[in-house]
Each structure stands twice: as C-alpha cells, then as structure tokens.
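# Remarks on the overall topology
In case you want the letters, here they are:
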Amino acid sequence: MIDDSVRAGGRAAALLRRSPAWLRVVIGILLVLLGAVLLTRPTTSLGILALLIGAGFVVAGIAEAVDHDDGSRPPLLRIVVACAWVAAGVFVLVLPGLTIRIIAVVVGAGLILKGGATLVAGFARSSTADIRVSRWALGAAGILFGVVALAWPDITLLVVSVAFGGYLVVMGATTAWGALARPRTTVPRAPGRLRRWSTTIAACLALVVAIAAASVSVILRQGSPVVDDFYAAPRDVPDEPGQLIRAEAFSREVPADAQAWRILYTTTRGDGSAAVASALVVVPRVGAGDWPVIAWAHGTTGYAENCAPSLLTQPFESGALFLLPEIIAQGWALVATDYIGLGTQGPHPYLIGADSAHATLDAVRAARGLADARIGTETVAWGHSQGGGAALWTGALASSYAPDVELAGVAALAPASDLAGLVSRLATATGGSVLASFVLAAYTSIYPDVTYRDYVRPGAEATLRAMATRCLSEPGSLASVLSALGMADDPEFSTDDPASGALGRRFAENTPPATISAPLLVGQGGADAVVARSIQDAYVAGLCSQGQQVDYRVYAGRDHVPLVQPDSPLVPDLVAWTQERFAGAAAPTGCRTTER
C-alpha cells in the first residue's frame, strides 16, 4: 500500500513537472500580487480579507504542485501539502460567516504545515547546500508566522496581512524566479550561482522578518503588571465598609516632598455585597497634618485585575492625574482609589456608578485609619473620564452612603456621564472599540441580562474579549490598537443599538442622577473626541432642568486627556475652585456655562 502511494505520488509529481515555465511565472506573479495587496491593505474588511486569503491558499497550493524542484523532496509529501493548501483555500472561500478565530486557525495551521514540510525537505541528502539553507529558512519562517497568527487571534486581520502576505510574496518571487532562471535546454546542467543563492537570500530574509514578528509578539506579551499578595483579601474581612485592612509604604512616582502608602480596605458593591478595594494615599511630608483630602477617581486604565494604578509604572499619570505636585504644594492629601476589581478580585464595575462611588468614599474613610497620614475631615472629589462619572456618583450618594465624609465639592472633568450616548459613539471614535470592550466585559459580568450575543456580531466577540484583558499602559495594548485598526473597515462591532434592550436600561441606571448635594464643577474639552461636547452639553442641560447646581466650564481646543494636563487652562481654575471649597466660600447657585 505504501509503495503504491509513493509510486502514485511519483507519477503525479512527474506529470506536474512537465508544466510549462510560463505557467509557473504566472502563478508566481499572482502570489506576489495577492501578498502585496495583503501587505498594503492591512485594515481591509474581514469579508474581503477572507477572499484574499482563500485565493492565496489556492494559488500557493498550485504553485507547490507545479514547482520544479530537484527531486529531493518526497513526491507524496509535495502532493499532500499542495492538496491541503488548496483545500484550506476552498474552505475559506466557500464557508460563509467566517470568524476571526477560524481564520486564525486556518492560516496558522496552514503556515505551520507548509513550514514543517519545507523544513523536513531540507534534510534530504540529495539537496545542495543552498537548497538546504533556503528550505530550512523558509520552513522556519512559515512555522514562526503560523505561531504568531495563532498566538494573537484577535489581531489576525493584521497578522495575516503581514505574515501570510509576506510569505506569499516570498513564495511567489521564488517560484517565478525559479521558472525564469531554469535552463530551457533538455540537457541537464547545474543552475547558475545567481539563481541558486538568490533564492536562499530571499528565504533568509523571510526568516528575519518572521523572527522580528515573533520577537515583537513576545515583547507585547511581556511588561504586563503582576498582582502581588498585597491585594489578596484576608480570610476574615471586616463587615463594615471603609475599614483599613492593611497598608504599606509606597514610593513609585511620589514627589520628594511627599510620603505615600498603598492601602487595602473594605467597601460594598452597588447591590450591597461586601468587597475589597485598594487605594493610594499621598500626603505632604512636612506640616501640621489634618490635610484636606482630594478624593481622586482615576480615568480608564483597563478592566483586568492587573490594571490597578497602584500596580502600574506610572501610578498617577496612567489614570490621568498629572497634578500630584500641585496637590502636595497646596497642602492637600490625595486618596486615590483603584476601584473594586483592579488589583483586587473582580469583576471591575467599569462605568457602573454606585460601585465606583462606594469605593471612592470608603477609600477616604479607610485612609483616616492610617495614623501616620494625618488625614483631615474635609473632602473634595475630583475625577476624569471614567473617574468623572465616578465623581458625579460620589456626589450623588455621599450624603446617604457616607454621611461621615464631609464632601465640600465635586469636580467632574470630561466625565462619562450620558453612558448610552457615549457608548453609541465608541464604534466610530479612535480607540473606541477598546473602551467598548471594557464596557461589555463589565456589564456582561455584573448584569445577567446583558450578554455578548445580543450586542456583538460573532466575528468581533473574540476580539473584544481579548482587548478587555489588556491594560492601556502595557505593551500588549498595542495589540488592542491593531485590533481596532483591523476592524476599521468592517461593520460596527455591535449587532444592535447599545442604548436598546437590557444594556440600554443598565446604562440608564448608571447615568449619574441630579442629586449631587455638594457644589459641582464640570470641566469639558471643546475638542474632546471621546466624550463629545454635544453629549456633555445635553447631560448638563438635563441636570439643570432638574434643579441641579452646575458650574459648567468648556475649554476650547482641548481634547480628552489634554484637558487635565499641567498646561491646560483648566488647572488654575480647578485649583482656585477647590481652594474656595476648602475655605467654605459659597458656591454660585443655579447653572452657568463659561467658555474658556
């Protein structure tokens, strides 16, 4: 049986070797063109990409079958590999509704199969040195490209464009060059040195590119923060929220004129269940103490447990707090919660109001138990973006949830306020799909009536789930950016309006209400591409119509993060407004809008 298969393979290989040179040149050119399109259009839509991949597999399989090798590769192996590639191409072309994960498996497995076969062929005794080197290099390159495609299924759209596209270009070039350079005479003679070693050089270049791609993949997977034992909840957790569990000195990115601690404390979720959260406490190093407190609610750092600001290399700036030196210079203390589920056990209640407010208020309570910090009683809440929404909720719930926290004011900066309006824009905003992945991860984890299948098209679910595992500050976040680019020409990730159904109802529940008892300052960038001014204008108008006092200040030309950077005109306004709150000055009544 084996002998019959080998003889059949040999007869098929002999027949295919009679193919004319012009056919192999045409096939090589087609491979180069398909690979070039993939390389130059990395963000093409999933549907078009599937057609390109399918065609690439089919043509590459034909090229494998008609290739005039030196006979050192087993004929049966060549036929098996050729048939497998053609079958994979037909599978991709005819199967409707392909998901990114399926494409990743097909491409990765195909490249590994072809690479392994080429690598094995390089060990044939009849191969010359140049052929061995080229096959080993090209085989290893195929295997590496395949592993990269399988390792990053959520960015396969781009990995395929680089890995598979580049592989097709090299394969096409070597096929066409081999056909053109082969002697036309029937008298056997050794190929020239140029032809022999040019193919080897091309294969080695492909291996270099593959090694670079694999190295980048390894780098992206490194640098992710690691959650240490400090964040583990003890066996016996105090029942009362706002209790200090443990504290230790903290020095990373802390100004020289300040001292800091990270703390673990008790809090409660919005449903009343007990939880544990962490925070940073920073106070001036010199002075009488009794420091007024800035309760900082940070901007988005991620959804996963290891995305807590207190774990990150830049614990303050990662959450958009650029003003720590100003806070210390004013003689104020900073209490900056990580929220529930960042550092501590999740899920993290991303853009979920009551949970975030409780963590903010309980951090202030717990910081009072840190004797060396000498925390005062007066508190002003600041927050940006995600934290801006948390600050609004802090103001809305402070009097009922934590009446012992004397909240003198709330400053919400580019707050995530109208959640339905904000999320509806994310599909078209730069990087919006990354933020959407955090929203969906949180809401599907916390609310049983919200599911991925109701709001996400099947081809995008794996991408969004993978995005939610990465922190914005870690190298792997580049993969999320590439994922977003890879979906740029596809339909929106959602199958339904995010403001509809169960998700819409949950958004409405988590939109900050007009029950803020403390003076309220809302800062907004006029050029904000994440939280559009139009959305904020409508939200503020809604607050005012319900009798909420609002000091609304809009800063022309400022985008989302630049609004809170040290050079922003918001900064002196925010500091002066906060000084007035701590001094007990009367806040303006009613609503007013100021253009800056």
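It should be emphasised that the depicted structure is a prediction, and the values quoted were computed from it without experimental measurement.

What follows deals with a nonpolar patch on the surface. The grouping of Leu51, Val90, Phe91, Leu93, Val94, Leu95 and Ile102 at the surface amounts to a nonpolar patch, some 570 Å² of accessible area in total. Top element by residues in the nonpolar patch is helix H4 (residues 75-94). It accounts for 4 residues. Here Leu93 falls in the partly exposed class, since its relative accessible area comes to 38%.

Glancing now at the packing of helix H13 (residues 432-446) against helix H17 (residues 501-509). Contact pair H13 / H17: the axes reach a minimum separation of 12 Å and the direction vectors enclose 95°. The angle between H13 and H17 falls in the class roughly perpendicular. On the side of H13, the interface is formed by Val439, Leu440 and Tyr443, while H17 contributes Leu503, Arg506 and Phe507. Class assignment for the residues of the contact of H13 with H17 results in 5 nonpolar, no polar and 1 charged.

This part is about the sheet that holds strand S3 (residues 274-284). Read from one edge of the open sheet, 10 strands run S1-S2-S3-S5-S4-S6-S7-S8-S9-S10, paired in mixed fashion. Each edge of the open sheet is held by one strand with a lone partner, namely strand S1 (244-250) and strand S10 (591-595). Looking at each pair of strands side by side, their axes are set apart by 20° on average, direction ignored. Bridge analysis of strand S6 (residues 375-384) against strand S7 (residues 406-413) gives 7 bridges, and the strand direction is parallel. Residue pairing across strands places His384 opposite Leu413, the latter belonging to S7. Against the sheet, helix H18 (residues 533-545) contacts strand S8 (520-525), strand S9 (550-555) and S10, and its axis sits at roughly 165° relative to S9.

Under the criterion given, the structure shown has 2 disulfides. Note that Cys307 is cross-linked by a disulfide to Cys471, the S-S spacing being 2.1 Å. Judged by the sign of its S-S torsion, about -95°, the cystine formed by Cys307 and Cys471 is left-handed. Of this pair, Cys307 sits in the loop between strand S4 (291-297) and helix H9 (324-329) while Cys471 sits in the loop between helix H15 (458-467) and helix H16 (477-486), and the two are 164 residues apart along the sequence. There is no split in this pair, since Cys307 and Cys471 are both buried. Each sulfur of the disulfide joining Cys544 and Cys591 lies 2.0 Å from the other. Linking Cys544 and Cys591, the disulfide has an S-S dihedral of approximately -110° and is accordingly described as left-handed.

Take the pattern of salt bridges next. A side chain with one charge may pair with a side chain of the opposite charge, provided their charged atoms come close. On inspection of all chains with the given rule, the structure shows 16 salt bridges. Across the salt bridge formed by Glu509 and Arg506, the nearest N and O atoms sit 3.1 Å from each other. Within this pair, Glu509 and its partner Arg506 are both found in helix H17, separated by 3 residues, close to a single helical turn. Here Glu509 falls in the partly exposed class, since its relative accessible area comes to 44%.

With respect to the helices and strands, the residue Ala232 is situated in the loop between helix H8 (193-221) and S1. For Ala232, a relative accessible area of 40% gives the class partly exposed. Residues Ala232 and Ala277 lie 45 residues apart in sequence; the distance between their C-alpha atoms is 9.7 Å. Excluding anything up to four places from it in sequence, Ala232 contacts Arg246 and Leu264.

In this section: the packing of aromatic side chains. Under the definition given, this model contains 8 aromatic pairs. Aromatic pair Phe123 and Trp136: ring centres 5.2 Å apart, planes at 50°, arrangement tilted. Separated by 13 residues along the polypeptide, Phe123 in the loop between helix H5 (100-121) and helix H6 (129-151) and Trp136 in helix H6 bring together distant segments of the chain. Its relative accessible area of 57% is what places Phe123 among the exposed residues. Taking the centre distance of 5.8 Å and the plane angle of 80° together, the rings of Tyr350 and Phe438 count as edge-to-face. In this pair, Tyr350 is assigned in the loop between strand S5 (333-340) and helix H10 (353-368) and Phe438 in helix H13, connecting sequence segments 88 residues apart.

The next thing to look at is the nonpolar core. Membership of the largest hydrophobic core comes to 49 residues, with the highest contact counts inside it found for Ile263, Tyr265, Val281, Val283, Ile375, Val410 and Leu520. Counting residues per element, this core draws most heavily on H10, which supplies 8 residues. Not counting chain neighbours up to four residues away, the residues in contact with Leu520 comprise Leu392, Val410, Leu543, Gln548, Gln549, Val550, Asp551 and Trp577.

Next up on the list: the pairing of S5. Where a strand is regular, its side chains alternate between the two sheet faces. Counting buried residues in S5 gives 8 out of 8 residues, a clear majority hidden from the surface. Bridge analysis of S3 against S5 gives 6 bridges, and the strand direction is antiparallel. Residue pairing for S5: Ala277 is matched across the bridge by Ile340. As paired elements, S4 and S5 share 5 bridges and run parallel to each other. If you follow Ile294 over to S5, its bridge partner there is Leu334. Each parallel crossover has a hand, and for S4 linked through H9 to S5 it is right-handed.

Below, the discussion takes up the confidence of the model for the protein chain. For the protein chain, per-residue confidence averages 83 on the pLDDT scale, and 81% of positions sit at 70 or higher. Below a pLDDT of 50 lies the segment residues 184-191, which in the model reaches 2 contacts outside its immediate sequence neighbourhood of four places, other chains included.

Buried within H17 we find Ala502, Leu503, Gly504, Arg506 and Phe507. The inward-facing, buried residues of H17 contact helix H12 (419-426), H13 and helix H14 (452-455).

This part covers the packing of H12 against H13. Relative placement of two packed helices is described by the angle separating their axes and the distance separating the axes. Orientation of H12 relative to H13, taken along the N-to-C sense of each, is 130°, at an axis distance of 8 Å. Classified by the interaxial angle, the pair formed by H12 and H13 is oblique. Between H12 and H13 the crossing geometry is left-handed. Across from Leu419, Val423 and Leu426 in H12, the residues of H13 making contact are Gly432, Ser433, Leu435, Ala436, Val439 and Tyr443. Per-class residue counts for the contact of H12 with H13 are 7 nonpolar, 2 polar and no charged.

Turning our attention to the pairing of strand S2 (residues 258-268). By the criterion of burial, S2 is predominantly enclosed, with 10 of the 11 residues buried. Across 6 bridges, the pairing between S1 and S2 is antiparallel. Its bridge partner being in S2, Phe250 is matched across the sheet by Ala260. If you look at the hairpin formed by S2 and S3, you'll find 5 residues sitting between the two strands, and Gly272 has a positive phi there, around 95°.

Reading guide: rules and limits
- Residues numbered from 1 in each chain as written.
- Predicted model: local features only at pLDDT ≥ 70, side-chain atom pairs only at ≥ 80, totals over all residues.
- Heavy atoms only, no water.
- Patch = residues over 30% accessible without salt bridge, like charges linked within 9 Å, V, L, I, M, F, W, Y side chains within 5 Å.
- Areas by Shrake-Rupley, 256 points an atom, 1.4 Å probe, with all protein chains shown as cover.
- Salt bridge = Lys/Arg side-chain N within 4 Å of Asp/Glu carboxyl O.
- Helix = DSSP H or I, 4+ residues; strand = E, 2+ residues; numbered from the N terminus.
- Buried < 20%, exposed > 50% of the residue type's maximum accessible area, 1.4 Å probe, protein only.
- Axes fitted to C-alpha atoms, helices over the stretch in contact; angles between N-to-C directions.
- Parallel < 35°, antiparallel > 145°, perpendicular 65-115°, else oblique.
- Contact = heavy atoms within 4.5 Å.
- Nonpolar A, V, L, I, M, F, W, Y, C, P; charged D, E, K, R; others polar.
- Pairing = 2+ DSSP bridges.
- Disulfide = S-S within 2.5 Å.
- Phe/Tyr/Trp six-rings, centres within 6.5 Å; stacked < 30°, edge-to-face > 60°.
- Core = buried A, V, L, I, M, F, W, Y, C linked by side-chain atoms within 4.5 Å.
- Right-handed = clockwise from strand over helix to strand, strands pointing away.
- pLDDT = per-residue confidence, 0-100.
- Left-handed = near helix turned anticlockwise from the far one by under 90°.

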